[in-house]
Amino acid sequence: AGGGPLLPDSVLYEIFLYLDHVDVLSVGLVCQQWRAVARDEFLWKELFYRYYRIAREVPRHPAAVSWYDEFQRLYDTIPCVEVQALTEHNDQVLHLSFSHSGCLFASCSKDCTVKIWSNELDISLQHSSNMRPYNWSYTQFSQFNSDDSLLLVSGVFVGPHNSSSGEIAVISMENFTLLSRVRNKPYDVFGCWLNETNLISGNLHRIGRITSCSVLWLNNAFQGVESENVNVVKRLFKIQNLNASTIRTVMVADCSRYDSPDLLLDYEEQLAASSTSTCPVFDLGSDSEEEEAKPKQTPEPAVQELPDEGGVTAEDGLQQFFDDIMEGRVRPAMTEAELETKVAELFVRNRTKPPELNLLSPDSTSKTKYLIFTTGCLTYSPHQIGIKRILPHQMTTAGPVLGEERRSDEFFDSLDHVIDIHGHVIGMGLSPDHRYLYVNSRAWPRDCVISDPMQPPPIAEEIDLHVFDLKTMKEVKRALRAHRAYTPNEECFFIFLDVSRDFVASGAEDRHGYIWDRHYNICLAKLQHDNVVNSVAFSPVEQELLLTASDDATIKVWRSRRAVRVQQARKPRPRKLLFSWLMNQKS
């Protein structure tokens, strides 16, 4: 039959053994007659559902032409064949990032270098920058700007064990020179590009023992060479943190990309709607930070709530609260942490700028961008996703350094949207069209109650991979599972994931990388390492190429079976063997 190469008989044996009504003898007969039935759609549909163990109600991928092509896509295009191992790092490799063109990629490591690689048939090292002279302890994250002319590199300062300070460096891709350095606190804000020349960093100001303020800054990448008359930094947002939480892991979603083809179907949303979601999403149309910080699953606190009506000001509320304490009307007695949190909530009540307009309105997704980050309201471990709209006038460092003038009642910025994960967030990634947010998390016990923000609940070993639609702000897929992690809360670290057109991949602490199909929600491959897999990265122009980075100090290169066959076919035959064959022919 025409229309492409047929799968080999060895593969067919493996496939047909999954059919319970076919025995080994009939398998041989089927393989001999394979060319006659190679395009039998009914047979391929049966093979597809049984071999990949997919529920019958799941429809075929909307872009698939036939069941045969769809089976071949899942079998033949998964990057699961190891073709190269890069060993130039001499310590744990923490992060990988591709340039948008796919020609280069960067790697960060505990050896305190950022290495830049040339992505050719055989990948080779192009440049290595050592960041130890700048008092860095290690490099942890990198990202190319939109035209691949600059590389953002995030690192951690040398300091005491509990130090949270970091720095962001900008490297020119033209000559690999260091252009600028920006302070970043806490270091796991990582940083990200907003546009070609401006990047976002963080700073943290302590207000109390468990209360703080996160400030997000917009920085010009060319700080060292810009005129002194031009602003190179501007404050974007100032957000209050309660219960030892902080803003971390910032990324930017470009809403203008939403017109890309939609690979996720309504059937999953309908199935999710019929069951109870474990990740409620809150649209924050409230007027107070207190309301937006309440997760639905949290029981009512055993503290008397103040009425929010009748024109009671924040100062009056504080005075009433203190009077209640002195006169014994607040029962039971609050701990020092509870008292600090309550005072902070009352103080900020009338000092917070209200959220922006509804993010779900049709006009909100044309030219705006979302700033997405991990945060929390109950404990120090990140358990919520915060979303804040970045307006067009905020996308430049022009104007006052502290941003637009603020009134006394707009001292803090509120979040526009909050997603409650009910667990420890350990990874986030955007789909290529920036519509879908994928989140790695380790769940808390279902009915847990957090009484001490410094002691979060225990976290599960299983990693849940959630999928959220940023256009509707809803969870649209059941959580994917296969990968695992073992470290407790206080040692938990980020595991980077990546999303391509058809696949999503993630690292894990069980010494494997994993690949799932985005449409069918099935795990397609496990990629072996000798230690924890920290990061994965698909080539943005060739999803059949995947990189994995591990604590075993290696970067592994994985290609699909189809890509490997194509590469082997292109390789010239060795002249030595050809000469030997010619001599044998003559004799």
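Residues numbered from 1 in each chain as written. Predicted model: local features only at pLDDT ≥ 70, side-chain atom pairs only at ≥ 80, totals over all residues. Heavy atoms only, no water.

Participant: Can you break down helix α10 (residues 561-570) residue by residue, with the values?
Facilitator: Buried within α10 are the following residues: Ala563, Val564 and Gln567. Within α10, the buried residues cover an arc of 100° as seen down the axis, which keeps them to one side. Each element contacted by the buried residues of α10 is listed here: β1 (81-86), β30 (542-550) and β31 (555-559). (Buried < 20%, exposed > 50% of the residue type's maximum accessible area, 1.4 Å probe, protein only. Helix = DSSP H or I, 4+ residues; strand = E, 2+ residues; numbered from the N terminus. Arc of directions from axis to C-beta. Contact = heavy atoms within 4.5 Å.)

Participant: Explain the sheet that holds strand β5 (residues 124-130) to me, and be specific about the residues and the numbers.
Facilitator: With respect to topology, 4 strands assemble into an open sheet ordered β2-β3-β4-β5, the strand pairing being antiparallel. A strand with exactly one partner marks an edge of an open sheet, and here the two such strands are β2 (93-98) and β5. Recorded for the sheet is a direction-independent mean angle of 20° between the axes of neighbouring strands. Sheet analysis places β2 next to strand β3 (residues 104-109), joined by 5 bridges and oriented antiparallel. Within β3, the position partnered with phenylalanine 98 by the bridge is phenylalanine 105. (Pairing = 2+ DSSP bridges. Axes fitted to C-alpha atoms, helices over the stretch in contact; angles between N-to-C directions.)

Participant: Tell me about the pattern of salt bridges, and name the residues and values.
Facilitator: Pairing is possible between side chains of opposite charge, provided their charged atoms come close. Overall, the coordinates contain 18 salt bridges when judged by the stated rule. With its nearest N and O atoms 2.9 Å apart, the salt bridge here joins arginine 181 to glutamate 167. Pair noted here: arginine 181 is in strand β9 (residues 178-184) and glutamate 167 is in strand β8 (residues 166-172), with a separation of 14 residues, a long-range link. Residue arginine 181 is classed as partly exposed on the basis of its relative accessible area of 38%. Arginine 562 is the salt-bridge partner of glutamate 544, the closest N and O atoms lying 2.2 Å from each other. Placement of glutamate 544 in strand β30 and of arginine 562 in helix α10 is noted, with a sequence separation of 18 residues between them. Under the relative-accessibility criterion, arginine 562 is labelled partly exposed at 38%. One continuous salt-bridge network, built from bridges that share partners, spans Glu70, Arg73, Arg501, Asp502 and Asp517. (Salt bridge = Lys/Arg side-chain N within 4 Å of Asp/Glu carboxyl O.)

Participant: Explain the pairing of β2 residue by residue, including any values.
Facilitator: A large share of β2 lies buried, amounting to 6 of its 6 residues. In textbook terms, the turn of a hairpin is the stretch between consecutive antiparallel strands, and for β2 and β3 this stretch comprises 5 residues, one of which, glycine 102, has a positive phi near 80°.

Participant: Break down the side chain of glutamine 140 for me, with residues and values.
Facilitator: The residue glutamine 140 is located in strand β6 (residues 136-144) in this model. By relative accessible area, which is 5% here, glutamine 140 ends up buried. Of the polar contacts made by the side chain of glutamine 140, one reaches the backbone oxygen of tyrosine 187; its length is 2.8 Å. Residues within four places of glutamine 140 in sequence aside, it is in contact with Leu94, His95, Cys108, Ser154, Gly155, Val156, Tyr187, Asp188, Phe190 and Phe496. (Polar contact = N/O pair within 3.5 Å; in protein donor to acceptor, adjacent residues only side chain to side chain.)

Participant: Outline the packing of aromatic side chains, supporting the account with residue identities and numerical values.
Facilitator: Applying the stated criterion to the full structure yields 20 aromatic pairs. Between tryptophan 44 and phenylalanine 71, the ring centres sit 5.2 Å apart and the planes meet at 55°, which makes this aromatic pair tilted. Taken together, the positions of tryptophan 44 in helix α4 (residues 41-51) and phenylalanine 71 in helix α5 (residues 67-76) put the pair 27 residues apart, joining distant regions of the chain. Phenylalanine 71 gets classed as buried once you look at its relative accessible area, which sits at 0%. Members of the aromatic cluster, joined through ring pairs, are Trp44, Phe48, Tyr49, Tyr51, Tyr52, Trp67, Tyr68, Phe71 and Tyr520. Between the NZ or CZ atom of lysine 110 and the centre of the ring of tyrosine 138, over which it lies, the distance is 4.9 Å. (Phe/Tyr/Trp six-rings, centres within 6.5 Å; stacked < 30°, edge-to-face > 60°. Lys NZ or Arg CZ within 6 Å of the ring centre and 35° of its normal.)

Participant: With reference to specific residues and values, describe the state of the cysteines.
Facilitator: For the coordinates displayed, the defined rule picks out 0 disulfides. As a non-bridged cysteine, cysteine 112 has cysteine 108 as the owner of its nearest cysteine sulfur, 9.9 Å distant. (Disulfide = S-S within 2.5 Å.)

Participant: Mind laying out the layout of surface pockets, listing which residues take part and the relevant values?
Facilitator: Of the volumes computed, that of the largest pocket is approximately 1600 Å³. As for the largest pocket, its lining consists of 47 residues, and the residues nearest its centre are Tyr187, Asp188, Arg248, Glu490 and Cys492. Every element with two or more residues in the lining of the largest pocket is listed here: β6, β7 (150-157), β11 (198-206), β14 (248-254) and β21 (423-430). Counted by class, the lining of the largest pocket contains 22 nonpolar, 16 polar and 9 charged residues. (1 Å grid on protein atoms, 1.4 Å probe; cavity = no way out; pocket = protein on both sides within 12 Å on 5 of 7 lines; lining within 4 Å. Points joined across faces, edges and corners; volume = space filled by probe spheres on them. Nonpolar A, V, L, I, M, F, W, Y, C, P; charged D, E, K, R; others polar.)

Participant: Residues and numbers for α5, please.
Facilitator: Within α5, 9 of the 10 residues are buried, which leaves it mostly tucked inside the rest of the structure. Among the residues of α5, those classed as buried are Trp67, Tyr68, Glu70, Phe71, Gln72, Arg73, Leu74, Tyr75 and Asp76.

Participant: How would you summarise the sheet that holds β6 if you had to cite specific residues and measurements?
Facilitator: Ordered by their spatial adjacency, 4 strands build an open sheet running β6-β7-β8-β9, and the pairing between neighbours is antiparallel. Edge positions in the sheet fall to β6 and β9, since each of these pairs with one other strand and no more. On average, each strand axis in the sheet is tilted by 25° relative to the strand beside it, whichever way the strands run. In terms of strand pairing, β7 meets β8 through 7 bridges, oriented antiparallel. Note that in β8 the partner of serine 154 across the bridge is isoleucine 168.

Participant: I'd like a description of the pairing of strand β4 (residues 113-118), backed by residues and values.
Facilitator: Across the 6 residues of β4, 6 count as buried, placing the element largely inside the fold. Residues of β4 alternate between two faces, with Thr113, Lys115 and Trp117 on one and Val114, Ile116 and Ser118 on the opposite face, all of them buried. Summarising the sheet, β3 and β4 pair through 5 bridges and their orientation is antiparallel. If you follow serine 107 over to β4, its bridge partner there is lysine 115. In sequence, β3 turns back onto β4 through a hairpin of 3 residues, with cysteine 112 there showing a positive phi of about 70°. The pairing of β4 with β5 spans 6 bridges and is antiparallel. By the bridge assignment for β5, lysine 115 is matched with serine 128. Here β4 hands over to β5 after 5 residues, the two strands then running antiparallel side by side.

Read these as spatial facts, not as claims about activity.
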